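Structural description and commentary
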Amino acid sequence: NFGILVWLLHRFLYKPVLATIAKRPDETGRVMVEAAAAKAAADKLKQELEASRAGIAAERDRLIAAAHVEAEKQRTTLLEQAHGEADQQIAAAGARIARETTVAEQKLRQQAATLSVEMARQLLATAGVAAIDETLLQQALANLGQLSSAERAELLPANAEARLVTVTSATPLSPAAAAQCRSQLQRLYGDDVAVDWSADPTLIAGVELHFPHAVLRHNWRDSLLDAQRRMGTDADAE
């Protein structure tokens, strides 16, 4: 029985145990190799993760830096646009103020010119103008005498149906001044010229010589109006 037991143990227990013991170093080596490979793979994965993490951090830093650069660029662009718009608004406001100032100055000058002319008109209207009328009449006749014969003939042609000159003064002329005027006109145009007389206080002072198709003005009303127009024109030109 003991021999049978030993044989059974040797056959079914000892040999398998010996085989297992014999296989263990190989198994251990394989496990160690696999463990080493797993460790290497883990180390590689760890390195890859660390590299990926570093790359992510670098990309994050790059994106943040790019965002900062873009934000600064946009801020600069917005500031430049704001400055440009502000400069345009300031320039437009300055131009508008300049135009309004020019218009206001022109109005003030026109008003000043109108007021000055009106004051002069009132002062002259209240002054004695009879002597002034006669003086201006003599100046008008002198200017008429300085014209050439052809120029005088255009005012009153020799073949005109009505050889009439109407002398209008601010105040009625004295008989002596009227006679002298008639004499001078007849000397210039001949004895057949007729002379008529009228008074127009709106002339303020001076006369108008009315020919059939023209009027020679030598009075202060027209001079004041011309001065007013000139002052207004000068204001507009400035």
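Residues numbered from 1 in each chain as written. Predicted model: local features only at pLDDT ≥ 70, side-chain atom pairs only at ≥ 80, totals over all residues. Heavy atoms only, no water.

Remarks on the environment of Ser174
- By the secondary structure assignment, Ser174 is in the loop between β1 (164–169) and α4 (175–189).
- The partly exposed category is assigned to Ser174, whose relative accessible area is 26%.
- Note: C-alpha distance between Ser174 and Ala131 (43 residues apart in sequence) is 9.5 Å.
- Reaching out from Ser174, the side chain makes a polar contact with the side chain of Glu134 at a distance of 2.9 Å. (Helix = DSSP H or I, 4+ residues; strand = E, 2+ residues; numbered from the N terminus. Buried < 20%, exposed > 50% of the residue type's maximum accessible area, 1.4 Å probe, protein only. Polar contact = N/O pair within 3.5 Å; in protein donor to acceptor, adjacent residues only side chain to side chain.)

Focus on the pairing of β1
- Buried residues dominate β1, accounting for five of its six residues.
- For β1 and strand β2 (residues 194–199), the ladder comprises six bridges, and the chain directions are parallel. Across the sheet, residue Val165 finds its bridge partner in β2, namely Val195.
- This β-α-β element, β1 to α4 to β2, shows right-handed connectivity. (Pairing = 2+ DSSP bridges. Right-handed = clockwise from strand over helix to strand, strands pointing away.)

Some points on the pattern of salt bridges
- This model, assessed by the stated rule, comprises nine salt bridges.
- Of the charged contacts, one joins Arg60 and Asp61 as a salt bridge, the two residues approaching to 3.4 Å between their closest N and O atoms.
- When its relative accessible area of 48% is taken as the criterion, Arg60 is described as partly exposed.
- Owing to a relative accessible area of 41%, Asp61 belongs among the partly exposed residues under this scheme.
- Among the ionic pairs, Asp222 bridges to Arg217, the shortest N-O distance being 3.6 Å.
- A single salt-bridge network, built from bridges that share partners, covers Asp200, Glu208, Arg217, Arg221 and Asp222. (Salt bridge = Lys/Arg side-chain N within 4 Å of Asp/Glu carboxyl O.)

Here's the deal with the nonpolar core
- Judged by nonpolar contacts, the single largest core of 19 residues is most densely connected at Leu137, Leu144, Val167, Leu185, Tyr189, Leu209 and Phe211.
- Sorting elements by how many residues they give to this core places α4 first, with five residues.
- If near-sequence neighbours (up to four positions away) are discounted, Tyr189 is found in contact with Leu144, Arg152, Leu155, Leu156, Arg163 and Phe211. (Core = buried A, V, L, I, M, F, W, Y, C linked by side-chain atoms within 4.5 Å. Contact = heavy atoms within 4.5 Å.)

Some remarks on α4
- The end-to-end C-alpha distance of α4 is 21 Å, a good match for the 21 Å that 15 residues give at a rise of 1.5 Å each.
- Buried within α4 are the following residues: Ala177, Ala178, Cys181, Gln184, Leu185, Leu188 and Tyr189. In an axial view of α4, the angular spread of the buried residues amounts to 130°, which keeps them on one side of the axis. In α4, the exposed positions that point more than 90 degrees away from the buried face belong to Pro175, Ala176 and Arg187.
- In the segment just after α4, Gly190 is the residue with positive phi, at about 105°. (Expected span 1.5 Å × (residues − 1). Arc of directions from axis to C-beta.)

Some details on the side chain of Asn219
- Within the element layout of this structure, Asn219 appears in strand β4 (residues 215–219).
- The exposure class of Asn219 is buried, given its relative accessible area of 3%.
- Among the polar contacts made by the side chain of Asn219, one reaches the main-chain carbonyl oxygen of Val207 at a distance of 3.4 Å.
- One polar contact links the side chain of Asn219 to the main-chain amide nitrogen of Arg221, over a distance of 3.2 Å.

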